[in-house]
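Fold and geometry: a report
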Amino acid sequence: MKRTAFYVVAVLAAAAAPALPDWVYEGKWGSPGSQSGEFNQPMGIALAANGNVYVADTYNHRVQYFTWNGHFRGNWGKSGSGNGEFRYPEGIAVATKGNVYVADTARHRIQYFTPAGPFLGKWGSQGKGDGQFDKPNGITVAPNGNVYVGDTENDRVQYFTASGSFLGKWGTSGSGNGQFNRPMGVAVSPSGARVYVGERLNFRVQYFTSGGSYVGKWGSQGSGDGQFNRPYGVATAPNGNVFVTDIYNNRIQYFTPVGSFLGKWGTRGSGNGEFYCPEGVVVSADGSRVYVADTFNDRIQYFRESHPAVVPSSVGRIKALFK
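So, a few notes on the structure that sits alongside this text.

Parameters and conventions
- Residues numbered from 1 in each chain as written.
- Predicted model: local features only at pLDDT ≥ 70, side-chain atom pairs only at ≥ 80, totals over all residues.
- Heavy atoms only, no water.
- Salt bridge = Lys/Arg side-chain N within 4 Å of Asp/Glu carboxyl O.
- Helix = DSSP H or I, 4+ residues; strand = E, 2+ residues; numbered from the N terminus.
- Buried < 20%, exposed > 50% of the residue type's maximum accessible area, 1.4 Å probe, protein only.

Time to look at the pattern of salt bridges. According to the stated counting rule, one finds 12 salt bridges in the structure shown. Lys169 is the partner of Asp130 in a salt bridge, and the nearest nitrogen-oxygen pair spans 2.7 Å. In this pair, Asp130 is assigned in the loop between strand 9 (119-123) and strand 10 (136-141) and Lys169 in strand 13 (residues 166-170), connecting sequence segments 39 residues apart. By relative accessible area, which is 46% here, Asp130 ends up partly exposed. Taking the relative accessible area as the measure of exposure, Lys169 reaches 41% and is therefore partly exposed. Measuring nitrogen to oxygen at the nearest pair gives 2.7 Å for the salt bridge that ties Arg251 to Asp246. Asp246 matches Arg251 in its accessibility class, with the two residues each being buried. When salt bridges that share partners are traced, they join Glu153, Asp155 and Arg182 into one network.

Here's what the structure looks like:
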């Protein structure tokens with residue numbers, strides 16, 4: 001009788017517990033090289049509303065784009081300083097209407113394009129003034145069209161209209177609240193009310209209002225849950241959860257919108273679900289897939305949400321009768 005009672009209690013407890021998502025490997029594409037569909041240290045990744053995947057193929061000085069499962073669609077760009085040319089582009093983002101924004105990092109500017117690649121415009125130059133940059137990296141587009149940029153070497157975030165008119169900035173060098181030490185990834189919450197910034201050398205994520213007022217932070221240096229060794233890419237899911245590439249720990253961690261640890265996956269390697277310094281991350285519009293730029297493995301991997309099976313309480317009661 002005691003054994004039966006224990007079994008029933010255990011099954012009922014399992015049935016009542018909420019099932020957290022588990023991210024499992026689904027697919028990959030890419031290999032080292034410079035041909036179509038090949039990569040040389042891809043760093044940035046973004047998704048369009050139609051499911052197309054855009055990749056900043058950093059050391060090939062170009063952008064490539066694919067279907068949701070990796071079928072090559074097209075590319076543009078080459079090394080240079082002209083319109084539509086790049087020098088180590090690292091960040092990439094897609095606006096709601098489909099235009100593609102690229103942080104042309106070593107050229108200290110932002111360029112933007114139609115979804116198929118024709119050049120639309122640009123802004124920025126090297127410097128510390130409003131609208132100038134020093135190796136801009138992370139970039140994201142808010143629901144209202146405003147563009148947020150991690151101005152990495154200037155230790156600040158700047159934001160602009162969709163066509164590049166300066167709107168505002170925040171941040172100074174340091175480790176205090178609202179200060180930065182190499183801000184990298186930038187992401188906006190689904191509502192546009194919060195801006196998340198991953199700091200490479202402060203080993204943390206900070207988040208702010210859309211106008212730059214400090215709200216909160218999490219993270220410290222290390223390899224434990226919620227700790228980082230060079231956080232880089234940041235992405236938000238439709239439910240507000242925040243995904244971070246923890247590059248030297250070779251893993252992805254994810255958190256609630258206020259930084260409570262939810263889970264992680266990945267180890268160092270080249271197998272399925274393993275990483276070698278992953279940098280870019282993005283979540284699909286329905287929240288069911290996570291795409292990762294597996295930078296030093298020269299590939300893209302994607303993962304799907306899989307909830308662990310939960311035994312219904314009615315089944316547990318039936319099984320208990322036979323114990």
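We note that Gln41 has phi near 55 degrees; this positive angle belongs to a residue other than glycine. Structurally, Gln41 is set in the loop between strand 1 (22-29) and strand 2 (44-47). Residue Gln41 is classed as partly exposed on the basis of its relative accessible area of 22%.

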